[in-house]
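The residues making up each chain are set out below.
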Amino acid sequence: AVLPAPDTTGLTAVLRSAVAQGAPGALARIDDRGSTYRVTYGVADRAARRAVDAGDRFRVGSVTKTFSAVVLLQLADEHRLVLDAPVNRYLPGLLPDDRITVRHVLSHRSGLYDYTNDMFADSVSGFEAVRDRVFTYRQLVALSLKKPRTNAPGAAYSYSNTNFVVAGLLIEKLTGHSVRTAYEDRIFGPLNLRDTFYLHPDTAIPGRHARGYLTPDTAGAALVDATAQTVSWAQSAGAIISSARDLNTFYSALLGGRLLSPARLADMERFSPVNSTTAYGLGLRRRTLSCGISVYGHTGAVQGYYTYAFATKDGKRALTALANTSNNGKVLSTLTGTLESAFCGKAAR
Ligand SMILES: CC1(C)S[C@@H]2[C@H](NC(=O)CCCC[C@H](NC(=O)C[NH3+])C(=O)[O-])C(=O)N2[C@H]1C(=O)[O-]
């Protein structure tokens, strides 16, 4: 299908709305068959009053889940992992139910409870309690197992960070290396993602970056600078640092068939419906837009940063958008408009 031209005027209007709704700043970058469009609005650093730059690095949150899924699917391509095998085959005794498979984990159908529900029940105090903490994967899994499963294995979709903490344990067990080494050797290096890092438990973001600001639960309370944090509460579920350029490169390469065999990419794109416009595959979301076009990628919400990173089925057009706030539902919802502008064009306004 011929895509409408991107609507950069509409894109600017969406970013302006996000800032009006409380984000200090926002950026968007579209890569489309060799053409690049960049839009920025507001500030990357409130104290220094530095304007957002489209090249700024940022924390990508759950966009990390696609990277973790790619590593495990590459291991499946290498016949070192069977997607429909129980997780406990590779990590004996980890989970209390041998029926939970790797595929259940990567599609959020395992039933494993999401420990962040309790961890961040109060947004600011929950964040302050963990921002400098370092967890082991098994400590995070133990937090989840204190609560009942949400569903029988495979019976329903229920988003849970715990699933991609288990994915991190699988990556380290099956590769014999750290998650950081697996990302660098299998994705960051081959795609030359120079702005992309996995530095857990280091709290800094290297190079020029947008500072991230957590919106408190109390209306009108001051934003909390959340830039420096270990993201140890998430790790292989949410701790990657990247840029709009690199995320566009990543999703274009993935959907263009450069990272996985056709069979494994098809596994990743076996979608179960989440709601009328969204479906989830293996570490990959599909969103169907108002113009009927479906786009593939992931969103991210880590303290201080909202990310949307999506591309067309063939990977030839990709969009990444970032607003440097979080815990602000209006901003998260408004950013959906970047997909409409990027892929549906002017008709979307
Ligand atoms: C499904 C999501 C949106 S949430 C999930 C994951 N992020 C988290 O689980 C962190 C939740 C706490 C973040 C915090 N919220 C609170 O503290 C609320 N009390 C805030 O907004 O800064 C991620 O990233 N995913 C997004 C995704 O996959 O799109």
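Refer to the structure above for everything that follows.
Remember, predicted model here, so these are calculated numbers, not experimental data.

J.: Sorry, what's going on with the packing of helix 7 (residues 137–145) against helix 8 (residues 161–175) here?
T.: When two helices pack together, their arrangement is captured by the angle between the axes and the distance separating the axes. For the pair helix 7 and helix 8, interaxial distance at closest approach is 10 Å and the crossing angle is 145°. Two packed elements cross with a definite hand, and for helix 7 against helix 8 that hand is left-handed. Here helix 7 contributes Tyr137, Arg138, Leu140, Val141 and Ser144 to the contact with helix 8, which in turn contributes Thr162, Val165, Val166, Gly168, Leu169 and Glu172. Per-class residue counts for the contact of helix 7 with helix 8 are six nonpolar, three polar and two charged.

J.: Help me out: how do you make sense of the packing of aromatic side chains in this one?
T.: When we look at a pair of aromatic rings, we describe it by the centre distance and by the angle of the planes. Following the criterion strictly, the structure yields eleven aromatic pairs and no others. Aromatic pair phenylalanine 120 and tryptophan 233: ring centres 5.0 Å apart, planes at 80°, arrangement edge-to-face. Placement of phenylalanine 120 in the loop between helix 5 (116–119) and helix 6 (123–130) and of tryptophan 233 in the loop between strand 6 (224–225) and strand 7 (241–242) is noted, with a sequence separation of 113 residues between them. Side by side, phenylalanine 120 and tryptophan 233 carry an identical accessibility label, which is buried.

J.: Looking at this model, I keep getting lost on the pairing of strand 10 (residues 285–288). Mind explaining?
T.: Here is the key point about a regular strand: its side chains alternate between the two faces of the sheet. In strand 10, alternate side chains face the same way, and those of Arg285 and Arg287 are buried while those of Arg286 and Thr288 on the opposite face are not. Pairing analysis gives three bridges linking strand 9 (residues 278–280) to strand 10, with the strands arranged antiparallel. If you follow threonine 278 over to strand 10, its bridge partner there is arginine 287. If you look at the hairpin formed by strand 9 and strand 10, you'll find four residues sitting between the two strands, and glycine 283 has a positive phi there, around 65°. Note: strand 10 against strand 11 (residues 294–302), four bridges, orientation antiparallel. Residue pairing across strands places arginine 286 opposite tyrosine 296, the latter belonging to strand 11. Joining the antiparallel neighbours strand 10 and strand 11 is a turn of five residues, in which glycine 292 adopts a positive phi near 90°.

J.: Just to check I follow, could you spell out unusual backbone geometry for this structure?
T.: Most peptide bonds are trans, and most residues other than glycine sit at a negative phi. Here the amide bond leading from histidine 200 into proline 201 is cis, since omega sits at 10°, within 30 degrees of zero. By the element assignment, proline 201 lies in the loop between helix 9 (179–188) and strand 5 (213–214). Positive phi outside glycine occurs at asparagine 192, with the angle close to 55°.

J.: It is not clear to me how the state of the cysteines should be interpreted in this structure. Could you clarify?
T.: A covalent bond between the sulfur atoms of two cysteines is referred to as a disulfide. Per the counting criterion, the structure on display carries one disulfide. Covalent S-S linkage joins cysteine 291 and cysteine 344, the inter-sulfur distance amounting to 1.9 Å. Linking cysteine 291 and cysteine 344, the disulfide has an S-S dihedral of approximately -70° and is accordingly described as left-handed. Separated by 53 residues along the polypeptide, cysteine 291 in the loop between strand 10 and strand 11 and cysteine 344 in helix 13 (residues 336–344) bring together distant segments of the chain. Note on cysteine 291: relative accessible area 36%, which makes it partly exposed. A relative accessible area of 2% means that cysteine 344 is categorised as buried.

Criteria and cut-off values
Counting restarts for each chain: residues are numbered from 1 in the order of the written sequence. The predicted origin of the model limits local features to residues at a pLDDT of at least 70 and limits the giving and counting of side-chain atom pairs to 80 or more, whereas totals for whole chains, interfaces and linings rest on all residues. Side-chain measures were taken over the full set of non-hydrogen atoms in the model, leaving aside hydrogen atoms and water. Only C-alpha atoms enter the line fits that serve as axes; for helices the fit covers just the stretch in contact. Angles between N-to-C directions range over 0 to 180 degrees. By the criteria applied, helices consist of DSSP H or I runs no shorter than four residues and strands consist of E runs no shorter than two, each listed in order from the N terminus. Here a crossing is called left-handed whenever its near helix is offset anticlockwise from the far helix by less than a right angle, and right-handed whenever the offset is clockwise. In what follows, residue pairs with any heavy atoms lying within 4.5 Å of each other are defined as contacts. Under the scheme applied here, ten amino acids are nonpolar (Ala, Val, Leu, Ile, Met, Phe, Trp, Tyr, Cys and Pro), four are charged (Asp, Glu, Lys and Arg), and all others, including Gly, are polar. Ring pairs shown here join Phe, Tyr and Trp side chains whose ring centres sit within 6.5 Å, with only the six-membered ring taken for Trp; geometry is labelled stacked below 30 degrees between planes, edge-to-face above 60, and tilted in between. Buried means the residue's accessible area, taken with a 1.4 Å probe over protein chains only, is under 20% of the maximum for its type, while exposed means over 50%, and partly exposed covers the values in between. For two strands to count as paired, DSSP must find a minimum of two bridges between them. Here, a disulfide means two cysteine sulfur atoms that sit within 2.5 Å of each other.

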